[in-house]
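What follows is the residue order along each chain.
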Amino acid sequence: MSAELLGLLFPEPLVAAYQRAVADLTKTKQQLHESQQELWDLRQVVNRTTPGAWVDQNGILVEINEAFIEVFGYAAEELIGRPHPLLNSNCYSEDFWEEKVWSVVRSGGIWRGELQNCTLTGREVWLETTIVPLMKTGATPEKYWVVTQDITERKAIELELTQLSWVASQTDNAVIICDRHGNIEWVNEAFTWITGYTLAEVNGLTPGSFLQGPLSDAETIDQIRTCLKEHKPYRGELLNYKRNGTPYWLSISITPIFNHQGDLTKFIAIETDISDRKQIEEALRQSEVRNRSLIEAIPDLMFRLNRGGVFLDYFPSKDDRVTQSKEVLGKTVEEVFSEDLAWWTRHYLELTLTSGQSQSGEYMLPFEEGWRTYEARYVKSGDDVVLAIVRDITDRKAIEAALLVEQQLEKQKAAQLEKALDKLQRTQTQLIQAEKLSSLGQMVAGVAHEINNPLTFIHGNLIYLDTCIKDIQYMLCMYHKYYPEPVPELKEAVADIDVDFLLDDLPKALESMKLGTHRIQEIVTSLRNFSRLDEAKMKAVDLHEGIESTLLILQNRLKAKAQQGETTIIRDYGQLPRVECHASQINQVFMNLISNAIDALENRPAPREITIRTRLEVAEYEENMDMVVVEISDNGPGIPESVRQQIFNPFFTTKPVGKGTGLGLAISHQIVVEKHGGKIEGISELGKGTRFIISLPLNCTKIDGEQLP
C-alpha cells in the first residue's frame, strides 16, 4: 500500500498514535522481558538461598526449591505429595498446629514463628518460618507458601549466651563484657559486689579508667594494654581499688571474641577477688621467714622427704660443716645414707604417712672417735611429705647410762636396807613370840609338874583304895553269908545307908576317878610334848604325836556349841618316819593352822570338817631330799585371791580387832621355811575351803627301828 493511500485511509494523527502505541508496546515487551528475567534470577536466588515450598490446604507439598531440599536432606521425589516435614514435626502437639498455625493461615493471615524439627540425618534444626496463604476473592486459600530460614546456629549461640549469662549472674567472679574498643557494655552482679560500681555508673568506660590506683603495678598495666592492642588473651594478677577506695587483689583473665570472619567484636574479662589468698600468701611468706630463722637457730639436722624417699629440703646440723643442701636435694635416701640407715629411714617414713602419727626412733653410727647415738623424730608435713628432726643424743645417753647405774646402786642399797629392816622386824617379832612361848612353856611346864605330883599321889592311893574296898566288900559278903539275921539296930543301919547300892556304886566311882586321873595325865603329857622346853636342839620326833597333842589342847574349841554341830576331825595319816625338827615350833605351826581352820568354820553350817593328811614324798633324784608333807584343810568359805597373796605378810589379818594379831601365819612361814628349810603353801577357792600344805625335809627315815626302802 502506498503512502498516499495510507494517508488517505489513516489520518496522520492516528498514525502517529499508532506508532507511539507500537513503540510503547515494544518498550513494554522489553520491560516485561527484563522483568521476567529479573523474576527468574530472583527465583533462582530464592531457590538457592531461602528454603521454600508450596503446600495445599492439608499441608501436602506441591512444589519445593533446592534450598528446601538441602535443609531437610530429602530428595524431591521423597517430598512432593507428602506432608511438609516441618508442619508434621513431632516436637509439637496437634493442638499447637491447629490452634496456633492453621487457624491463622486458613483465615487469610500470615503466620510467623520459630519451629524445631529433625532432618533426615537426625540433626536438630531450628527454622524461622513464614506461612503466606494464596487467596482468591471470596474463597479460602487454595495453597500456602511456606518460607523457612535455618537459624539453628543462631539458636545455639542464643542458648550459649543465655547459659553464659546465667553462669555469669550466678558466679562469685566479676564478669565484664567490653566492645572491641575496650568500653564496658555489661557487668554482672558479682562485679558490683566486689567493686561497688553498678552497670549504670561504668557503662561506656574502660575498666582501667576507674579501677586502678597509685599502688597498681604499672608494668602489669602495660602488659594488659599490649595484649588488648594485639588482640591477645591475658592472664595475671593486679591490685585494683574499690569504689570506696579500698585496695583489693584480683586474678584477671581477658579473652578477645571474634566473629566468623575473624573480626574482633568484644572482650570478656573475668576477675576473681584474691585478697584473702594474697593475705594468706603474705602470712605464709612471713611465716616462712620466721621458720627459716627458727630453722637456722635449731642446731639439729632437719630434712623433708616425700613418699618416694626423695629429699625436698635439707638443713644440716650446726656441727656439720661439710654437707651442703644442694648436694642432697632431689636425691633419694639410698643415695645419701648407708644401706641400713636408708632402710631404717624408709620404715619410719612409711609408718608416719600410714598412721598419720608422729614417730621416733634411735640409731647409732660409727665414727673414728667411737659410736654416736641419734634420735630421729618424724612428723607428717603434708599428704605425702614427712619432716624429720635428727638430734645427736650421745652425751645425753652417756648421762642417762650413768644415772641408770647410780639408780641401780641406790636400788640395791635400798633393797639391802629394806631387807635388813624386814629381817630386823621379823627378828623382833620372833623374839617377842619366842619370849611369849618361852614364858608360856615355862608356865605350862610348871603347871604340869605341879599337877603331876599330887596326881601321882592320888592315882597311887586310888589303887590302894580299890584294894581296900574290894576287901571290905568281901568281908561284908561273908558277914551276910554267915550272919543272915543281924540285930534290929544293924538292919536299920543297913537300910539307912543302902549297903547294896554302896557295894555296887563304889567300884564304879573308883573306876571313874581312875579314868579322871588318867585323863589328867594325858593332858599333862600333851602340854609337855607341845612345849618341848627340854628340847633346845633339833630332835627326831613323831609328827603325829604333835598333831594329836595339838588337837587335844584344842578339844574344847572343837566341841559343839548351841545350835551348831560339832567340828569333825578327819584323819588320813600316812606312814611317816621321824622328822628331825624343833618340835615345839612345828607344834606351834600346827596350832596356828588348826586354830585358823576352827575360826573359819565358826559360823558355818554343818557339816564342819577339818581334814589332816600326811604322806611321804620320795625324791625322784638323788640330789633332792625326801619330804614329809602335812596337809590341813577345811570346808570353810575360802580366801579371796587378793587376800591369799598377803596371808604370810607380818601383821596382816582379816580378823576383827582383838581376835588376831596377823603374826600366826607369818611366824609359821618363818618356822617352816627359814628354820627348817621347808615349804608352806596356802591354796584356797571361794566357797570351797582352804588348804595349807607343809613340806619338811626328812633327815631320819626310821620308823619303829625299821629302815624304809
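Rules behind the numbers
- Residues numbered from 1 in each chain as written.
- Predicted model: local features only at pLDDT ≥ 70, side-chain atom pairs only at ≥ 80, totals over all residues.
- Heavy atoms only, no water.
- Helix = DSSP H or I, 4+ residues; strand = E, 2+ residues; numbered from the N terminus.
- Contact = heavy atoms within 4.5 Å.
- pLDDT = per-residue confidence, 0-100.
- Salt bridge = Lys/Arg side-chain N within 4 Å of Asp/Glu carboxyl O.
- Axes fitted to C-alpha atoms, helices over the stretch in contact; angles between N-to-C directions.
- Parallel < 35°, antiparallel > 145°, perpendicular 65-115°, else oblique.
- Left-handed = near helix turned anticlockwise from the far one by under 90°.
- Nonpolar A, V, L, I, M, F, W, Y, C, P; charged D, E, K, R; others polar.

Asks: Help me out: how do you make sense of the environment of isoleucine 270 in this one?
Replies: Examined against the element boundaries, isoleucine 270 turns out to sit in strand 10 (residues 264–273). Expressed as a C-alpha distance, the spacing of isoleucine 270 and isoleucine 176, which sit 94 residues apart in the sequence, is 6.4 Å. With residues near it in sequence (within four places) discarded, isoleucine 270 still touches Asn173, Ala174, Ser251, Ile252 and Ser253.

Asks: How should I be thinking about the confidence of the model for the protein chain in this particular structure?
Replies: Caution is warranted with low-pLDDT regions, since their predicted coordinates should not be read in detail. Scored by pLDDT, the protein chain comes out at a mean of 78, with 78% of its residues at no less than 70. Confidence drops under a pLDDT of 50 for residues 700–709, and excluding neighbours within four residues, the segment shows 17 contacts in the predicted structure.

Asks: So what exactly am I meant to see when it comes to the pattern of salt bridges here?
Replies: A side chain with one charge may pair with a side chain of the opposite charge, provided their charged atoms come close. Summed over the entire model, instances satisfying the criterion amount to 26 salt bridges. For the salt bridge of glutamate 201 with arginine 243, the shortest nitrogen-to-oxygen distance reads 2.8 Å. In this pair, glutamate 201 is assigned in helix 8 (residues 199–202) and arginine 243 in the loop between strand 8 (234–241) and strand 9 (247–258), connecting sequence segments 42 residues apart. Aspartate 392 is paired through a salt bridge with arginine 372; the nearest N and O atoms lie 2.8 Å apart. Residue aspartate 392 is found in strand 15 (residues 385–392), and its partner arginine 372 is found in strand 14 (residues 370–380); the two are separated by 20 residues along the sequence. Connected via shared salt-bridge partners are Glu362, Glu375, Arg377, Arg396, Lys397 and Glu400.

Asks: Is there a simple way to explain the packing of helix 17 (residues 543–553) against helix 19 (residues 583–600) in this structure?
Replies: Two packed helices can be described by the angle between their axes and the distance between those axes. Helix 19 packs onto helix 17 with a crossing angle of 45° between their chain directions and a minimal axis gap of 9 Å. By the criterion of interaxial angle, the relationship of helix 17 to helix 19 is oblique. Helix 17 and helix 19 meet at a crossing whose hand is right-handed. Facing Leu543, Gly546, Ile547, Thr550, Leu551 and Ile553 of helix 17, the residues of helix 19 in contact are Ile586, Asn587, Phe590, Met591 and Ile594. Among the residues forming the contact of helix 17 with helix 19, the class breakdown is eight nonpolar, three polar and no charged.

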